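Survey of secondary and tertiary structure
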Amino acid sequence: MKQIEKHRQGFYEKYFKTLQDVLCALLAIILFFPLILFIAILVRLKIGSPVIFTQERPGLNEKIFKLYKFRTMTDTKDNNGNFLPDELRLTSFGKKLRATSLDELPALFNILKGEMSLVGPRPLLVKYLPRYNEKQRRRHEVKPGSTGYAQVNGRNSLSWDDKFRKDVLYIDNITFKGDWKIIFKTLNVVIKREGISSKTADTMEEFLGIEKKIH
């Protein structure tokens, strides 16, 4: 069986990318602080507290960290005390936050803490870890990103297979020019609200594992 080659950092990734992430995150927090505060107040009034939603996600080398996002769903439960499906708890205000990606603003603090990067594979759920094949698991060879190659080339309209394929393609081709191309393309995708939903869900269906290999 052919052994899968592991990721090797280039000069940009090794010496400049992390510093760039921290400086950009700090600048963005300063510039957007009034907007962050305004959204926090709206979330508190329209959905309730806590304003910030935290969830454990696997990061670099599968190290678990807490991802910060603005809350977009209620805590509504059924008669047995179980949470209702996401689509029933997602409020209209929450949908607008997700559509504009404004719910992602608190993740700037994850970047500031060194847990995430501006660009990289999106951090997914911890429960997905045992479901990856060897090539899909390579997405954890770099820090997860606030945006990524898959996000600007289909986002949630992509199949999981295509999404992971693009994650690995990015990891093998990390450059300064490539990262900034993704960042600027992200702005265009957000403005046009492209790929917000999959064909069958408001965001993305659960990943159950894919037998098909990524080439």
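Structure: above.
Residues numbered from 1 in each chain as written. Predicted model: local features only at pLDDT ≥ 70, side-chain atom pairs only at ≥ 80, totals over all residues. Heavy atoms only, no water.

**Observations concerning the packing of aromatic side chains**
One pass over the full model with this rule turns up 13 aromatic pairs. Site record: aromatic cluster; members linked through ring pairs are Tyr 12, Phe 16, Phe 176, Trp 180 and Phe 184. Looking at Lys 46, its charged tip hangs above the ring of Phe 93, at a distance of 5.8 Å from the centre. (Phe/Tyr/Trp six-rings, centres within 6.5 Å; stacked < 30°, edge-to-face > 60°. Lys NZ or Arg CZ within 6 Å of the ring centre and 35° of its normal.)

**Description of helix α6 (residues 160-171)**
Given a rise of 1.5 Å per residue, 12 residues ought to cover 16 Å, and the 17 Å separating the end C-alpha atoms of α6 matches this to within 8%. Where the residues of α6 are buried, they touch α2 (17-46), β3 (117-119) and α7 (176-192). (Helix = DSSP H or I, 4+ residues; strand = E, 2+ residues; numbered from the N terminus. Expected span 1.5 Å × (residues − 1). Contact = heavy atoms within 4.5 Å.)

**As for the environment of Gln 55**
Mapped onto the fold, Gln 55 is located in strand β1 (residues 52-58). With a relative accessible area of 28%, Gln 55 lands in the partly exposed category. Between the C-alpha atom of Gln 55 and that of Leu 124, which follows or precedes it by 69 residues, the distance is 10.0 Å. Not counting chain neighbours up to four residues away, the residues in contact with Gln 55 comprise Phe 65, Lys 66, Leu 67 and Leu 125. (Buried < 20%, exposed > 50% of the residue type's maximum accessible area, 1.4 Å probe, protein only.)

**Structural notes on the pairing of strand β2 (residues 64-70)**
Two faces, one strand: in a regular strand the side chains alternate between the faces of the sheet. One ladder, built from seven bridges, connects β1 with β2; its direction is antiparallel. Note that in β2 the partner of Pro 58 across the bridge is Ile 64. (Pairing = 2+ DSSP bridges.)

**Here we look at α7**
With 17 residues, α7 ought to run about 24 Å at 1.5 Å a step, and its terminal C-alpha atoms sit 25 Å apart, in line with that. Among the residues of α7, those classed as buried are Asp 179, Ile 182, Ile 183, Thr 186 and Val 189. Take α7 and look down its axis: the buried residues cluster within an arc of 125°, on one side only. Of the exposed residues in α7, those oriented more than 90 degrees away from the buried face are Lys 177, Lys 181, Phe 184, Ile 191 and Lys 192. Contacts from the buried residues of α7 go to α1 (11-15), α2, β3, β4 (145-147) and α6. (Arc of directions from axis to C-beta.)

**Observations concerning a nonpolar patch on the surface**
Residues Phe 11, Tyr 15, Phe 16, Leu 19, Leu 23 and Phe 176 make up a contiguous nonpolar surface patch of about 680 Å² in total accessible area. Listing elements by their share of the nonpolar patch, those giving two or more residues are α1 and α2. Assignment of secondary structure puts Tyr 15 in helix α1. (Patch = residues over 30% accessible without salt bridge, like charges linked within 9 Å, V, L, I, M, F, W, Y side chains within 5 Å. Areas by Shrake-Rupley, 256 points an atom, 1.4 Å probe, with all protein chains shown as cover. Salt bridge = Lys/Arg side-chain N within 4 Å of Asp/Glu carboxyl O.)

**As for unusual backbone geometry**
In the segment running from Ser 49 into Pro 50, the intervening peptide bond is cis, with an omega of 0°. On the secondary structure map, Pro 50 appears in the loop between α2 and β1. Positive phi, close to 65°, is recorded for Ser 101, a residue that is not glycine. Here Ser 101 is to be found in the loop between α4 (92-100) and α5 (108-112).

**Concerning the pattern of salt bridges**
Counted according to the given criterion, the structure contains 13 salt bridges. Arg 122 is paired through a salt bridge with Glu 104; the nearest N and O atoms lie 3.0 Å apart. Pair noted here: Arg 122 is in the loop between β3 and β4 and Glu 104 is in the loop between α4 and α5, with a separation of 18 residues, a long-range link. For the salt bridge of Arg 131 with Glu 206, the shortest nitrogen-to-oxygen distance reads 2.9 Å. With a gap of 75 residues between them, Arg 131 in the loop between β3 and β4 and Glu 206 in the segment after α7 connect regions that are remote in the sequence. Shared partners join several salt bridges into a network, and the residues in it are Lys 69, Asp 103, Glu 104 and Arg 122.

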